[in-house]
Amino acid sequence: MNHTDLALSRRTVLGAAAAASLGAALPVWAQGKDPIQFATLLDFTRVYTFLTDEYSQGQQDYIKLLNLEGGLDGSPIKLIVKDHASYPERGIALYNEAKAAGAVFFDFLSSPVANALMPRADEDHLPMIAFAHGRADAADGQAFPYVFPSAAIYRSQAALLLKYIDEKEGGLKGKKIAFVHIDSAFGKEPIELLERVAKTKGFELKLYPYPVPGTEQAATWSEVRKNRPDKIIIWGAGPGQAVSIRGAVTNGIAPKNIYSVIWLSEADMSAFKGNEVVGVKRVTLVNTGTETPIVKRIVEKVVNAGNGSGDKKRVGGTYYNIGVATMAIAAQAAKLGAQKAGGPVTPEKIKQGFEMLKDFTAEGLIPPLTITAQDHQGGGMGMISEWDGKQWAPKSDWGSAYQDVVWDLIKEDRAKAKEKK
Amino acid sequence: MFYRLSGVYHTRYSQTRQLWPIPADRWQVGILFALALLAPLYMSNLYLSSYMLPWLIFSTATLALTLLMGLAGQLHFGFAAVMAIGAYTSIHLTRAGVPLEIALLGSGLMSAVIGCVFGAAALRVKGLYLVMATLAMQFLVDWVITNVTVISGGATATLQTPSVRFLFIPLQSLTARYYLALAWTVIVVLFILNIKRTSFGRALVAVRDKDFAAAVIGVNIFKYKLLAFFASSFLGGISGAILAFCFYKAVTPSQFNFDVTIQLVAMALVGGLGSVIGGFLGTGFVLLIPIVLLNLISWIVGNGWLNVSTSLMAHIPMMLYGAMIIGFLLFEPLGLAKIYDNARKYLLVWPFRHTQS
């Protein structure tokens, strides 16, 4: 054995030891392959605190499961988990560090940081996932070849809600629909789509913005009450969502007429007493609960074995399962890419792997996901579920809605962006 | 010892009035400048782009703010908005085909004009009331940028900086962007250092110390307060544009929200109001210490020396950081610059202990 071999094996052992201390790799490092590094740089401390702990717990638990089951063809995956606190400049610094450390895949879960890093990731040819957040035009594989929303973007989510009202709640025609949203880029994103569908379907759309950060909405809701809308779509995230529902309920709006964007969790709903909010509906992009095979196996092999990354109660929650889904999608993409091209996993192969995903459901965790070089959203499928007092119960099958309108808007965005360049 | 003053005789006025009359100071400045100039040679891209570049640019913004808060004594809690105006102006001008050199001046002017409009409040109110007035500027500008899609760039609300040249050099490479930021830093530093020795600077200090006393001795407070807002906003606007072009390469409203204002004020205060070296130290502290602490804790946890959850791991650096701010301010309430100043004064008379002033 020459010196390079020795050095290599020593580095492998050190790397694996580091991975093991993170609790990421258990039996696989005996096989002696270098870990593949995924960087999940998240906001644990400032804006996205309402979901990050649970989300990251899901990601870490899934990676532990994957490593127990042999990793990616024998190579364990190591997660680099760091806190960027939604500061774009800190996100950029951590991204550069992770890049230098050899990370091949990124997740930021913060619109400000994701927006700042999308152009960089594209320039550096490093794939990143922006699951249900970030810029709308990220769905366009032509505009951002290395960014993968991999789930229904906000416009598609709004479309899903409208379609549900149209098909299951007595049609859209002639209805008064109120869109109560946080006054930020995120809150305003679905407006164009709502306006277009309002024209074709003939319903009346009223917009009610409330100021950032959304903890004060009293004025908005008394305004909503005055106009007596038939259905209300709420569009916010974190603490603002519970404030919205509280505002609706105190203004005499029936919970069954409230529809929400994906960011409404078990914890938000459990804060209400009794049957006060039973009937609120929400877009769901990832199955909740512990019934799907992957989450079941996580419970058996990771959580029950005492290796869970956090509070046991959160396993199977909305944000937990979203975390699991992001890593399952990324791991599948890495696997497909490496299988096709052979050899070790590289960023380029992961990117190609993403575009090879076809009807991928992560064993029933997510709706069938098909990503192509054009469509990085992957079909925009989701379902509507309803709060029954204990959990989110499915009210519809997986499906997509008004994708023609969604893509018209994306194409217009692209045309505008080109004009400006 | 280091600052040997004996044998330093000034025989001309120009010698005593130069920026750094003591040779040791000149040496230090020279070495620092050389280090900054050679940074792309000895620093890896990682450190240059993630630490050095944002540190320099935010330092210029802090210096612009300290001109207003430290020299002229006018509190400003809307400085991120000033930078936002500069950033958005420069990006829209360059997109319209204006060369970057002129776009930068334009962004400075635009920030200065809008900054002056809100600064006019300072003619009537002082202290905390002025904080409220400038706070209003922050939220108004934020609101206008997010809600006027022509400015923010439509639903996506992100504007990419176009590829531009500065003095015929394309701003693509990191090195080019670094040198542009460094050049701007040098200009701002020289401006702030020199302003203190002009009648303008002395008038600002007079206004800061007691504005009606300044009026009694013949300083036109109306003029100087507005000029302070004008100059500071001008520098702040260009710093915002430099931040957009050299660091972020894109502009979104969240890069200039209220939190950034608070950070800037913290940089100016922790560093020491009105001090140039304090601007750099404060910016380094507020911008870089959290990342250093974060990496330190991640490293400790990664090595298995500390067994905590990911969430707690993310919060430990914040606790340490908070403790450090309190610690430094207890140790020296006048900021990091004063700590430097104390050390320098001690060395000036070393080995004697008498350090009056």
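Counting starts from 1 at the beginning of each chain's written sequence and moves along it residue by residue. Going through the entries in the order they are written, you letter the chains from A and number the ligands from 1. A pLDDT threshold of at least 70 governs which residues receive local features in this predicted model, and a stricter bar of 80 or more applies before side-chain atom pairs are shown or counted, although totals over entire chains, interfaces and linings include all residues. Hydrogen atoms and water are omitted, and side-chain values are computed over all heavy atoms in the structure.

What to know about the sheet that holds strand β2 (residues 77-83) of chain A
Residue and element names in this part refer to chain A. Applied cut-off: Here, a strand pair is defined by DSSP locating no fewer than two bridges between the strands. Each helix is a run of DSSP H or I of at least 4 residues and each strand a run of E of at least 2, with the numbering of both proceeding from the N terminus.
Taken together, five strands build an open sheet; the order of strands is β2-β1-β3-β4-β5 and the sheet is parallel. Two strands bound the open sheet, and with one partner strand each, they are β2 and β5 (147-148). In the sheet, strand β3 (residues 105-107) pairs with strand β4 (residues 128-129) via two bridges, with the strands oriented parallel. Across the sheet, D107 pairs through a bridge with I129, a residue of β4.

Some words on the packing of helix α3 (residues 88-101) of chain A against helix α4 (residues 111-124) of chain A
Residues and elements named next belong to chain A. Threshold: In this description, a line fitted to the C-alpha atoms serves as the axis of each element, helices being fitted only across the stretch in contact, and the angle between N-to-C directions of two axes falls anywhere from 0 to 180 degrees. Working rule for handedness: look at the near helix, and if it is turned counterclockwise from the far one by less than a right angle, call the crossing left-handed; if clockwise, right-handed. Note on contacts: a residue pair qualifies if any of its non-hydrogen atoms lie within 4.5 Å across the two residues. Three categories are distinguished: nonpolar for Ala, Val, Leu, Ile, Met, Phe, Trp, Tyr, Cys and Pro, charged for Asp, Glu, Lys and Arg, and polar for the others, with Gly belonging to the last.
Viewed as axis vectors pointing N to C, α3 and α4 meet at an angle of 35 degrees, and their least axial separation amounts to 9 Å. Once α3 is placed against α4, the crossing between them reads as right-handed. Between α3 and α4, the contacting residues are P88, G91, I92, Y95 and K99 on the first element and P112, V113, A116, L117, R120, A121 and D124 on the second. Here the contact of α3 with α4 is composed, by residue class, of eight nonpolar, one polar and three charged.

Regarding the domain arrangement of chain A
All names here are of chain A. The cut-off we apply is this: Domains are outlined according to an automatic or database domain assignment. Once two parts are brought into contact, the accessible area they lose, counted with a 1.4 Å probe and summed over both, makes up the buried area. A side-chain nitrogen of Lys or Arg and a carboxyl oxygen of Asp or Glu constitute a salt bridge if their distance falls within 4 Å. Here a polar contact is recorded for every N or O atom pair within 3.5 Å, except that within protein the pair must consist of a potential hydrogen donor and a potential acceptor, and residues adjacent in sequence are included only if both atoms are side-chain atoms.
Annotation of chain A at the domain level lists domain 1 (3-152 + 288-354) and domain 2 (154-284 + 382-404). Between the C-alpha centres of domain 1 and domain 2 there is a distance of 31 Å. Counting residues at the interface gives twelve residues for domain 1 and 16 residues for domain 2. Together domain 1 and domain 2 conceal approximately 1,200 Å² of surface at their shared face, both sides included; 63% is due to carbon and sulfur atoms. Linking domain 1 with domain 2 are zero salt bridges, by the criterion used here. Remark: the boundary between domain 1 and domain 2 carries three residue pairs in polar contact (both at pLDDT 80 or more). Among the secondary structure elements, those contributing two or more residues to the side of domain 1 that touches domain 2 are α2 (49-68) and α12 (318-341). The element that contributes the greatest number of residues to the side of domain 1 that touches domain 2 is α12, accounting for three residues. Its residues assigned to classes, the side of domain 1 that touches domain 2 comprises seven nonpolar, five polar and no charged.

Focus: the packing of helix α12 (residues 258-271) of chain B against helix α13 (residues 276-302) of chain B
Residue and element names in this part refer to chain B. For the record, the criterion: When an angle is under 35 degrees it counts as roughly parallel; over 145 it counts as roughly antiparallel; between 65 and 115 it counts as roughly perpendicular; any other value is oblique.
Their axes nearest at 7 Å, the elements α12 and α13 cross at an angle of 125 degrees. Classified by the angle between their axes, α12 and α13 sit oblique to one another. As α12 packs across α13, the resulting crossing turns out to be right-handed. In this structure, α12 uses Q263, A266, M267, V270 and G271 to contact α13, whose residues at the interface are G278, G282, T283, F285, V286 and L287. The residue inventory of the contact of α12 with α13, partitioned by class, reads six nonpolar, five polar and no charged.

Examining the pattern of salt bridges
Inspection of the entire model under this criterion finds 24 salt bridges over all chains. Residue E97(A) pairs with K82(A) through a salt bridge whose shortest N-O separation is 3.9 Å. Taken together, the residues span a long stretch of sequence, with E97(A) in helix α3 and K82(A) in strand β2 at a distance of 15 residues. For the salt bridge of D209(B) with R208(B), the shortest nitrogen-to-oxygen distance reads 3.1 Å.

Considerations on helix α8 (residues 218-227) of chain A
Every α-helix carries 3.6 residues per turn, so stepping three or four residues along brings you back to the same face. All names here are of chain A. Condition: A simple rule labels every residue: compare its accessible area, found with a 1.4 Å probe on the protein chains alone, to the largest value its type can have, and call it buried under 20%, exposed over 50%, or partly exposed in between. Here the arc refers to the set of directions running from the helix axis out to each C-beta atom.
Within α8, burial applies to T220, W221 and V224. All buried residues of α8 project into a common sector of 90 degrees when viewed along the axis, lining one side. Among the exposed residues of α8, those oriented more than 90 degrees off its buried face are A219 and K226. Looking at the packing, one finds that the buried side of α8 touches β6 (176-182), β7 (204-210), β8 (231-235) and α9 (239-250). Where α8 terminates, the next one or two residues include R228, which has phi positive at roughly 45 degrees.

What about helix α2 (residues 23-42) of chain B?
Residues and elements named next belong to chain B. Just so we agree on the cut-off: Between the first and last residue of a helix there are one fewer steps than residues, each counted as 1.5 Å, and that sum is the expected span. Given a residue, its bend is the angle between the two axes fitted to the seven residues that end at it and to the seven that start from it.
Between its first and last C-alpha atoms α2 spans 27 Å; for 20 residues at 1.5 Å apiece the expected length is 28 Å, and the two agree. Of all the bends in α2, the largest measures some 40 degrees and sits at A36, one to four residues before the proline P40. Inspection of α2 places A24, D25, A36 and A39 among the buried residues, and these make up the whole buried set. Tucked into the core, α2 has its buried residues touching α3 (45-71), α8 (174-195) and α15 (336-349).

Structural notes on the sheet that holds strand β11 (residues 383-387) of chain A
Residue and element names in this part refer to chain A. Here seven strands make up an open sheet; going across it, the order is β7-β6-β8-β9-β10-β11-β12 and the pairing mixed. Looking along the sheet, the strands with just one partner apiece sit at the ends: β7 and β12 (392-394). The average angle at which neighbouring strand axes cross in this sheet is 30 degrees, direction not considered. Sheet contacts for helix α5 (residues 154-168): β6, β8, β9 (258-260), β10 (281-284) and β11; angle to β8, the most-contacted strand, approximately 165 degrees. Those strands touched by α9 are β7, β8 and β9, and its axis lies near 160 degrees from that of β8.

Digging into the pairing of β11(A)
Residue and element names in this part refer to chain A. β11 sits mainly inside the fold: five of its five residues count as buried. Residues M383, S385 and W387 line one face of β11 and the alternating positions I384 and E386 line the opposite face, and both faces are buried. Sheet analysis places β10 next to β11, joined by four bridges and oriented antiparallel. If you follow K281 over to β11, its bridge partner there is E386. With antiparallel pairing between neighbouring strands as the criterion, β11 and β12 make up a hairpin whose turn holds four residues, including G389 at a positive phi of roughly 105 degrees.

Here's the deal with the interface of chain B and chain A
In many analyses, interface size is given as the accessible surface area lost on bringing the parts together. Facing the 37 residues of chain B at the interface are 37 residues of chain A. At the surface where chain B touches chain A, the tally comes to two salt bridges. Between R46(A) and D259(B) there is a salt bridge; the shortest N-O distance is 2.3 Å. For the interface between chain B and chain A, the tally reads 15 residue pairs in polar contact (both at pLDDT 80 or more). Among the elements of the structure, α3, α6 (127-147), β1 (159-160), α11 (221-248), α12, α13 and α14 (310-331) of chain B are those that each provide at least two residues to the side of chain B that touches chain A.

Points about the environment of E276(A)
Residue and element names in this part refer to chain A. Its location among the elements puts E276 in the loop between α10 (266-270) and β10. With relative accessibility at 30%, the residue E276 sits in the partly exposed group. With 99 residues separating them along the chain, E276 and D375 place their C-alpha atoms 40 Å apart. A polar contact is formed between the side chain of E276 and the side chain of R246, at a distance of 3.2 Å.

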